[in-house]
Amino acid sequence: MPVVFVLIWSTGFIVARYAMPHAPPLQFLSVRYGLSALALGLWALAGSAAWPHSRAQAAHLAVVGVLMQAAYLGGVWAAVKAGMGSGLIALMVGLQPVLTALWLSARGGRVAPLQWAGLGLGFAGLALVVWRKLGQGSEVSVLSVSLALVALLSITAGTLYQKRFVAPCDVRSASAVQQMAALAVTLPLAWLLERQGAIVWNVESIGAMAWSVLVLTLGGNSLLYLLIQRGSATAVTSLLYLVPPCTAVMAWLLFGEPITGLTVAGIVLTAVGVGLVLRVRR
């Protein structure tokens, strides 16, 4: 399950590259959330899945949806649209495992010394992977950095919140509630902030939307939900270190982006770091 999750999650940046020239980010995400909620709802009904048993449980799922969907994805896409390079946004969001471990440690949770070493190695490897892209089309402004920080803090808080407050329930109905909550927040923002543009539907934007709904949401988000329910927050978030290296390989295969010796060294270092975190947990 972790391997499949990393492979699916890594396609998110590829999808953004295909869709960004043809769609304002918040409009694209609004359509994605709406279609995802519909697909998940139908899937849950067809499988007679149990829905949240109380208003409190539904409210907790909605909070997770706003944090891990609306705020995280909205922040990442808006930061890229504001001019931030993919390398820099990947590096900033890549701080999530460290923030998660720091929070757990401050709250009395145990993070083993070898896990701290693994987190450090993982981040160092991540930095090597994205180093070549840090100066490419990267516009560092108050707006773009603020949006990236919103994304980082949101996915970190969402992971910790789900682990703390969300009781185990059917992933189909839980994800449907999260997508509806994300839509309720993102759609008004899209209407307010993106009146001047509209989605241009063509082969690339339609393909990006289909992949976003059917693979990233129904597959990737569902796997992330299950991983957080079943594993420790530190171990699960450390898997996100593997996303930029995996994306770099995909970009090489799809777009011919070069992979240097520094990139390979970063991939190896990241894999070793994540391996240390997961091994200690086991």
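Residues numbered from 1 in each chain as written. Predicted model: local features only at pLDDT ≥ 70, side-chain atom pairs only at ≥ 80, totals over all residues. Heavy atoms only, no water.

**Focus on the overall build of the chain**
- On a plain count of helices and strands, the chain comes out with twelve helices and zero strands.
- Ordering the α and β elements of the chain from the N terminus gives α-α-α-α-α-α-α-α-α-α-α-α.
- Computed over the C-alpha atoms, the radius of gyration of the chain is 18 Å, within 12% of the 19 Å expected from 2.2 N^0.38 for a compact globule of 282 residues.
- Taking the principal axes of its C-alpha atoms as reference, the chain extends roughly 45 × 40 × 35 Å.
- Taking all 282 residues of the chain together, the buried fraction comes to 50%.
- Contacts in the chain between residues at least 24 apart in sequence constitute 92% of all its contacts with a sequence separation of at least 6.
- Each charge sign in the chain was given a centre, from 16 positive and 5 negative side chains, and these centres are 17 Å apart. (Helix = DSSP H or I, 4+ residues; strand = E, 2+ residues; numbered from the N terminus. Rg over C-alpha atoms; globule rule 2.2 N^0.38 Å. Buried < 20%, exposed > 50% of the residue type's maximum accessible area, 1.4 Å probe, protein only. Contact = heavy atoms within 4.5 Å. Lys, Arg positive; Asp, Glu negative; His and termini not counted. Charge placed at Lys NZ, Arg CZ, Asp CG, Glu CD.)

**Regarding helix H9 (residues 203-230)**
- With 28 residues, H9 ought to run about 40 Å at 1.5 Å a step, and its terminal C-alpha atoms sit 38 Å apart, in line with that.
- Roughly 40° is the biggest bend found in H9, and it falls at Leu216. (Expected span 1.5 Å × (residues − 1). Bend = angle between axes of the 7 residues up to and from the residue.)

**Looking at unusual backbone geometry**
- Here the phi dihedral of Ser48 falls at roughly 50°; this positive angle occurs in a residue that is not glycine.
- Along the chain, Ser48 falls in the loop between helix H2 (25-46) and helix H3 (55-81).
- Taking relative accessible area as the criterion, Ser48 reaches 65% and is therefore assigned exposed.

**Some thoughts on the packing of H2 against H3**
- Interhelical geometry of H2 versus H3 gives an angle of 150° and a closest axis separation of 9 Å. Judged by the inter-axis angle, H2 sits roughly antiparallel to H3. Crossing of H2 over H3 shows right-handed handedness. Listed contacts from H3 to Pro25, Leu26, Phe28, Leu29, Arg32 and Tyr33 of H2 are Gln69, Ala70, Leu73, Gly74, Trp77, Ala78 and Lys81.
- Looking at side-chain class alone, the contact of H2 with H3 contains nine nonpolar, two polar and two charged residues. (Axes fitted to C-alpha atoms, helices over the stretch in contact; angles between N-to-C directions. Parallel < 35°, antiparallel > 145°, perpendicular 65-115°, else oblique. Left-handed = near helix turned anticlockwise from the far one by under 90°. Nonpolar A, V, L, I, M, F, W, Y, C, P; charged D, E, K, R; others polar.)

**So, the side chain of Gln57**
- With respect to the element layout, Gln57 can be found in helix H3.
- Owing to a relative accessible area of 4%, Gln57 belongs among the buried residues under this scheme.
- Of the polar contacts made by the side chain of Gln57, one reaches the backbone oxygen of Ala167; its length is 3.0 Å.
- Apart from the residues within four sequence positions on either side, Gln57 is in contact with Pro52, Phe165, Val166, Ala167 and Cys169. (Polar contact = N/O pair within 3.5 Å; in protein donor to acceptor, adjacent residues only side chain to side chain.)

Geometry only, nothing functional implied.
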